[in-house]
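# Residue-level structural notes
Letter by letter, the chains look like this.
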Amino acid sequence: MQAAHIFANAERYDRHAGRLAARLYARVVTDAAASGLPAGARVLDAGTGPGRIPRDLAALRPAWTVDAVDLEPRMIDFARRQDTEGRVTFAVGDVAALPYPDETFDLIVSSISQHHWDDVEGGIRDLRRVLRPGGRLWIYDVRWALRRALRVAEKTFDSVRKEPVALGHWPLGMLVTRLSARA
Ligand SMILES: C[S@@+](CC[C@H](N)C(=O)[O-])C[C@H]1O[C@@H](n2cnc3c(N)ncnc32)[C@H](O)[C@@H]1O
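Read on for an overview of the structure. Predicted model only: the values in this text are computed from it and were never measured.

## Some points on the overall build of the protein
The secondary structure content of the protein amounts to six helices and seven strands. Ordered by position in the sequence, the α and β elements of the protein form the string α-α-β-α-β-α-β-β-α-β-α-β-β. Scaling as 2.2 N^0.38, a compact globule of 183 residues should have a C-alpha radius of gyration of about 16 Å, and the protein matches this with 15 Å. Burial status across the protein gives 54% buried among its 183 residues. When the accessible surface of the protein is totalled, it reaches about 8800 Å², and 50% of it is carbon and sulfur. In the protein, the 27 positive side-chain charges and the 23 negative ones have mean positions that sit 5 Å from each other.

Quick look at the structure:
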């Protein structure tokens, strides 16, 4: 299924989100970069949109392999064009039917995408499938949108936590929570 039409205009989304979500992007990248993963680790950004997070992360951690997936082909097309260094591997795909083999990633991040997923249960299950043993899933989203994801993650992962993400200013700063799960 196609993502909502609001994501068809990737350039416009990127212009607004690049400003409004800058602190969140920086936080996700900082958290991921500080995760302690070794060289050769493979990291996925799920629901990447215009791909700022994987681009920044790949620049900061060149020894990692960074992938990014999104349901909307026009987002992926735009994201690929912004990645002029070609450091990120982008794919069109649904979080509930990911185009990757089992046990591919050490860390999966996802930023303000989960509340758009049609099939949250399928998404959490498929993200779990593509994580290596001990791998981590970090979903950043507005806190009231994470309830269902949390319930499914509790059944699917070995350990799950929900923690506030202090970003400072309104609007996202007041609202964002991170669901952290370990496979
Ligand atoms: C609000 S944007 C967030 C984009 C980016 N992560 C960010 O933080 O700016 C939500 C993104 O989730 C994508 N999306 C929605 N449902 C999806 C699904 N089932 N699988 C993969 N991506 C999805 C949309 O196409 C859109 O690009």
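Now, onward.
## Overview of the sheet that holds strand β4 (residues 105-111)
An order of β3-β2-β1-β4-β5-β7-β6 is seen for the seven strands of this open sheet, with the pairing classed as mixed. Every interior strand has two partners, whereas the edge strands, β3 (88-92) and β6 (159-164), have only one. The sheet shows a mean angle of 15° between the axes of neighbouring strands, direction not considered. Here helix α5 (residues 120-129) sits on the sheet and contacts β1 (42-46), β4 and β5 (131-142); the angle it forms with β5, its principal contact strand, is near 145°.

Analysis parameters
Residues numbered from 1 in each chain as written. Predicted model: local features only at pLDDT ≥ 70, side-chain atom pairs only at ≥ 80, totals over all residues. Heavy atoms only, no water. Helix = DSSP H or I, 4+ residues; strand = E, 2+ residues; numbered from the N terminus. Rg over C-alpha atoms; globule rule 2.2 N^0.38 Å. Buried < 20%, exposed > 50% of the residue type's maximum accessible area, 1.4 Å probe, protein only. Areas by Shrake-Rupley, 256 points an atom, 1.4 Å probe, with all protein chains shown as cover. Lys, Arg positive; Asp, Glu negative; His and termini not counted. Charge placed at Lys NZ, Arg CZ, Asp CG, Glu CD. Pairing = 2+ DSSP bridges. Axes fitted to C-alpha atoms, helices over the stretch in contact; angles between N-to-C directions. Contact = heavy atoms within 4.5 Å.

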